[in-house]
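Architecture and fold: a report
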Amino acid sequence: MSILEICQWLQDTEIGTAIRESVWWFPIIEGTHVLALALSVGTLLVMDLRLTGLVMKDRRVSEISKQIVPWSMAGFFVMFVTGSLLFWCQAVKAYGSLYFRIKVVALLLAGLNALFFELRTRRGISAWDSDPVPPLRARLAGFAGMLLWACVIAAGRTMAYNF
Amino acid sequence: MRVQLLTVLAVAGALSIPALAHHSFAAEFDQNDKVDVVGTVVKVEWQNPHAHFSLSVKDAAGKATVWDFETGSPNALARRGVTRNSIKEGETLHVQGYRAKDHSFLASAATVTFPDGHSAFAGTAGDGGPGK
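All figures in this text were calculated on a predicted structure; none of them were measured in a lab.

**Brief notes about the overall build of chain A**
Per the secondary structure count, chain A includes 7 helices and 0 strands. Expressed as lengths along the three principal axes of its C-alpha atoms, the size of chain A is roughly 55 × 30 × 25 Å. Burial status across chain A gives 39% buried among its 163 residues. A fraction of 76% describes how many contacts in chain A between residues 6 or more apart in sequence connect residues 24 or more apart. Accessible surface, chain A: about 9,200 Å² in total, of which carbon and sulfur atoms supply 71%. Distance between charge centroids for chain A: 9 Å, based on 15 positive and 11 negative side chains.

Here is the structure:
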């Protein structure tokens, strides 16, 4: 079974068809996806701006992270679930969309960036937690996060114009 | 301070790119290239985000061309009284719309007139397309 055949099977399932042909489910799921995006990336932006040393310089990075990141994660969870449902109902078109592929790659890179930060850069946070401007590797993580999420959003929006 | 402001502007600029492109009608269809055809429905795709139907249109010489019409979302259509059972295969429809900019046989359906004579706006409202 090729990926395309799997996509075709997926969107032909009862749930995929129901969402695709729905009067209400699709707009509700799509609207929730965008609201969750605002929550997730909106809060993530605060974290990334602190990491780049641009905002709330008088607050410890760990303090902002503790308060902000749970909201980013909750938003991401809702965004991921709703995004999966949107993919489910139009899998063939999504698979064939160049912008969807760009979006997936940018999303994976954003995930790797966050993972690298959590597993490596953050280990030594006690040395720079209170610094108004964190060290270069932390600033880079912040810049990369903002850039990659901008790519994810731009690609996702452009993808929808070709539907 | 200046660096901060520039960064804020740069981030805001990057995030507003998709907003600037918000004109799916104008991106795909030409409002000066009007289509006015009568034909038989050969296919109906009732789906999000845009429903489609195909019309087989015969010219004066009897040669048939299949036009693909894009409409609004099922939700937008439902609010104008057009449901998934409104457009039936085999039925004859009169459709006025706007052709795709790539000059293919794709058009955005604006006004659809049904066999019983009533008509409905089928296009994408509020999307930059010309009036109902």
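**What about the environment of His 94 of chain B?**
Residue and element names in this part refer to chain B. Structurally, the position occupied by His 94 is in strand E4 (residues 92–100). Judged by its relative accessible area of 28%, His 94 is partly exposed. Each C-alpha atom, one on His 94 and one on Asp 36, is 7.5 Å from the other, the two residues being 58 residues apart in sequence. Excluding residues within four positions of it along the chain, His 94 makes contact with Asp 36, Val 37, Val 38, Thr 111, Val 112 and Thr 113.

**Overview of the pattern of salt bridges**
All names here are of chain A. In this structure the tally under the stated criterion is 3 salt bridges over all chains. With a shortest N-O distance of 3.3 Å, Glu 63 and Arg 59 are connected by a salt bridge. In this structure Arg 59 comes out as partly exposed when scored by relative accessible area, which is 41%. Ionic pairing is found between Arg 122 and Glu 118, a salt bridge with its closest N-O pair at 3.2 Å.

**Notes on the side chain of Gln 47 of chain B**
When you line up the elements, Gln 47 of chain B lands in the loop between strand E1 (29–45) and strand E2 (52–58). Overall, the relative accessible area of 11% leaves Gln 47 of chain B in the buried class. Reaching out from Gln 47 of chain B, the side chain makes a polar contact with the side chain of Gln 90 of chain A at a distance of 3.4 Å. Excluding residues that lie within four positions of it along the chain, Gln 47 of chain B makes contacts with Arg 20, Glu 21, Gln 90 and Lys 93 of chain A together with His 52 and Pro 74 of chain B.

**Focus: the side chain of Asp 129 of chain A**
Residue and element names in this part refer to chain A. Within the element layout of this structure, Asp 129 appears in the loop between helix H6 (98–119) and helix H7 (136–161). Among buried Asp, Glu, Lys and Arg side chains, Asp 129 stands out as unpaired, with Arg 60 the closest opposite charge at 4.0 Å. Filtering out sequence-adjacent residues up to four positions away, Asp 129 remains in contact with Arg 50, Arg 59, Arg 60, Val 61 and Ser 62.

**Considering the nonpolar core**
Counting 21 residues, the largest nonpolar core has Phe 53, Leu 55, Phe 69, Leu 93, Val 95 and Val 112 of chain B as its most contacted members. Counting residues per element, the ones that place at least two in this core are E1, E2, strand E3 (64–70), E4 and strand E5 (106–113) of chain B. Apart from residues no more than four positions distant in its own chain, Val 95 of chain B is found in contact with Val 35, Asp 36, Val 37, Phe 53, Leu 55, Phe 69, Ala 109, Thr 111 and Val 112 of chain B. Counting 10 residues, the second largest nonpolar core, distinct from the first, contains Val 61, Phe 117, Ala 138 and Ala 141 of chain A.

**Some points on the packing of aromatic side chains**
Counted according to the given criterion, the structure contains 8 aromatic pairs over all chains. On the basis of an interplanar angle of 20° and a centroid distance of 5.4 Å, the ring pair of Phe 87 of chain A and Phe 100 of chain A is categorised as stacked. Of this pair, Phe 87 of chain A sits in helix H4 (residues 61–89) while Phe 100 of chain A sits in helix H6, placing them 13 residues apart in sequence. Residue Phe 87 of chain A is classed as partly exposed on the basis of its relative accessible area of 24%. Here the aromatic rings of Trp 67 of chain B and Phe 105 of chain B are separated by 5.1 Å at their centres, their planes lie at 90°, and the arrangement is edge-to-face. Of this pair, Trp 67 of chain B sits in strand E3 while Phe 105 of chain B sits in the loop between E4 and E5; the two residues are 38 residues apart in sequence, bridging distant segments of the chain. For Trp 67 of chain B, a relative accessible area of 9% puts it in the buried group. These aromatic residues form a ring-pair network of at least three members: Phe 53, Trp 67, Phe 69 and Phe 105 of chain B. In this arrangement the basic side chain of Arg 157 of chain A is found over the ring face of Tyr 161 of chain A, its NZ or CZ atom lying 4.3 Å from the centre.

**What about the packing of H6 of chain A against H7 of chain A?**
All names here are of chain A. Between H6 and H7, the least distance of the axes is 8 Å, while the angle of their chain directions is 160°. Our classification of the angle between H6 and H7 gives roughly antiparallel. Read as a crossing pair, H6 and H7 show a hand that is left-handed. Contacts from Tyr 99, Phe 100, Ile 102, Lys 103, Ala 106, Leu 107, Leu 109, Ala 110, Asn 113 and Phe 117 of H6 reach H7 at Ala 138, Ala 141, Ala 144, Gly 145, Leu 148, Trp 149, Cys 151, Val 152, Ala 155, Gly 156, Thr 158 and Met 159.

**Overview of the confidence of the model for chain B**
All names here are of chain B. Here chain B shows a mean pLDDT of 83. Residues at 70 or above account for 76%. For the stretch residues 17–23, pLDDT sits under 50, and the model shows 11 contacts to residues farther than four places along the chain or on other chains. This prediction of the complex comes with two scores: 0.83 for pTM and 0.79 for ipTM.

Criteria and thresholds
Residues numbered from 1 in each chain as written. Chains lettered and ligands numbered in written order. Predicted model: local features only at pLDDT ≥ 70, side-chain atom pairs only at ≥ 80, totals over all residues. Heavy atoms only, no water. Helix = DSSP H or I, 4+ residues; strand = E, 2+ residues; numbered from the N terminus. Buried < 20%, exposed > 50% of the residue type's maximum accessible area, 1.4 Å probe, protein only. Contact = heavy atoms within 4.5 Å. Areas by Shrake-Rupley, 256 points an atom, 1.4 Å probe, with all protein chains shown as cover. Lys, Arg positive; Asp, Glu negative; His and termini not counted. Charge placed at Lys NZ, Arg CZ, Asp CG, Glu CD. Salt bridge = Lys/Arg side-chain N within 4 Å of Asp/Glu carboxyl O. Polar contact = N/O pair within 3.5 Å; in protein donor to acceptor, adjacent residues only side chain to side chain. Core = buried A, V, L, I, M, F, W, Y, C linked by side-chain atoms within 4.5 Å. Phe/Tyr/Trp six-rings, centres within 6.5 Å; stacked < 30°, edge-to-face > 60°. Lys NZ or Arg CZ within 6 Å of the ring centre and 35° of its normal. Axes fitted to C-alpha atoms, helices over the stretch in contact; angles between N-to-C directions. Parallel < 35°, antiparallel > 145°, perpendicular 65-115°, else oblique. Left-handed = near helix turned anticlockwise from the far one by under 90°. pLDDT = per-residue confidence, 0-100.

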